[in-house]
Amino acid sequence: MALPKYEQIAADLRGRIVRGELRPGDAIPSERELTERWSVARATIVKALEILRQEGLIETRQGTGSTVRDRMALARTAGERYKTSVTTGYIYTAGEHADIVSAERVPAPEDVAAALDVEAGAEVVRRQRVTFEGETPTATSVSWFSAEVAEAAPRLLQRERIREGTTRYVEMQTGRRPHTGRDWWTARLATDAELELLRLDGPAAVSEVRHVAFCQDGRPLTYEVGITPAGRWSRTEEYSMQP
């Protein structure tokens, strides 16, 4: 089945950016040019460009059009990846992919039990991945799900990538939509296992974020622990410093 036209246009521009045909600072063809080239309505072009903005590949300024962004080393949270999945249908941006290290049933450790509101030692699903940009590992994370959620979402136990991401997949399987997210941040030294997965020379600092997504009725839907090497920016916030 052919992709919708706006996804084809986004994929074409994304490929040109990833291949280096369009470099940071280069102008993206104007909406008028793209409309004529693809023989589509302007609304289709707007939708395609919005996908690339959500992926952080382009930026748009009024009066100057869209340009390719500098690709900073970024560490996106689970909540941010979920938003990308809802918008684009894919959890990873251009040039990214993940290897699933494990997908298994295990007894819930205490922190997992507390996060998922289950008894310590209760059966839960543990799913670990390593995320890459090209051939470089950029993060590793472990997602945890209750037995109830796993029963409704059997692909969680398969060592295969879930294109739309686990949170979005769980939402579609269970009807429980993420409503609120809660994150905890810290910095620490990487464990030996993390050094190996991220191909770091130890000792090395990493950032750890623990994320819980709650559905509309306040019940925890998923718990994730994400690890990224030092030097990757997690978020940017702009605010007034005027008195």
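Structure first, text after, so check above.
Just so you know, these numbers come straight off a predicted model, no measurement behind them.

For the rest of this paragraph, the subject is the overall build of the protein chain. Within the protein chain, the secondary structure is distributed over eight helices and eight strands. Looking at the protein chain residue by residue over its 243 residues, the buried ones come to 43%. Here the analysis covers contacts within the protein chain between residues at least 6 apart in sequence; of these, 57% occur between residues at least 24 apart. Of the accessible surface of the protein chain, which amounts to about 14000 Å², a share of 48% is contributed by carbon and sulfur atoms.

Right, let's get into the sheet that holds strand 3 (residues 96-107). Pairing is antiparallel across the open sheet formed by six strands, whose spatial order is 3-4-5-8-7-6. Strand pairing shows two members of the sheet lacking a second neighbour, strand 3 and strand 6 (178-189), which therefore form its edges. Averaged over all adjacent pairs, the angle separating strand axes in this sheet is 15 degrees, with direction ignored. In terms of strand pairing, strand 4 (residues 123-133) meets strand 5 (residues 136-146) through 10 bridges, oriented antiparallel. Pairing of Arg127 across the sheet is with Ser143, part of strand 5.

So, about the nonpolar core. Ranked by size, the top nonpolar core spans 19 residues in total, and within it Val112, Leu116, Val124, Trp144 and Tyr223 carry the most contacts. Mapped by element, the contributors of at least two residues to this core are helix 5 (110-116), strand 5, helix 8 (192-198), strand 7 (205-215) and strand 8 (220-229). Sort the elements by how many residues they give to this core and helix 5 lands first, with four residues. Residues contacting Tyr223, with those up to four places away along its chain left out, are Asp111, Val112, Ala115, Leu116, Val142, Ser143, Trp144, Arg210, His211 and Val212. Residues Ala10, Leu13, Ile28 and Val68 belong to the second largest nonpolar core, which totals 18 residues.

Moving on, we come to helix 7 (residues 166-174). Among the residues of helix 7, Thr166, Thr167, Tyr169, Val170 and Glu171 are the ones counted as buried. Of the residues flanking the end of helix 7, it is Gly175, one or two places downstream, whose phi is positive at about 80 degrees.

Next up on the list: the side chain of Thr222. Mapping Thr222 onto the fold places it in strand 8. We classify Thr222 as buried; its relative accessible area is 2%. Every residue in contact with Thr222, bar those within four places of it in the chain, is listed here: Leu116, Trp144, Phe145, Thr167, His211, Val212 and Ala213.

With respect to the helices and strands, the residue Asp99 is situated in strand 3. Judged by relative accessible area, Asp99 falls into the partly exposed class, the value being 39%. For the pair formed by Asp99 and Pro137, sequence separation is 38 residues and the distance between their alpha carbons is 9.8 Å. Sequence-distant contacts of Asp99, that is, excluding residues within four places in its chain, are made with Gln128, Arg129, Val130 and Phe132.

So, how was this worked out
- Residues numbered from 1 in each chain as written.
- Predicted model: local features only at pLDDT ≥ 70, side-chain atom pairs only at ≥ 80, totals over all residues.
- Heavy atoms only, no water.
- Helix = DSSP H or I, 4+ residues; strand = E, 2+ residues; numbered from the N terminus.
- Buried < 20%, exposed > 50% of the residue type's maximum accessible area, 1.4 Å probe, protein only.
- Contact = heavy atoms within 4.5 Å.
- Areas by Shrake-Rupley, 256 points an atom, 1.4 Å probe, with all protein chains shown as cover.
- Pairing = 2+ DSSP bridges.
- Axes fitted to C-alpha atoms, helices over the stretch in contact; angles between N-to-C directions.
- Core = buried A, V, L, I, M, F, W, Y, C linked by side-chain atoms within 4.5 Å.

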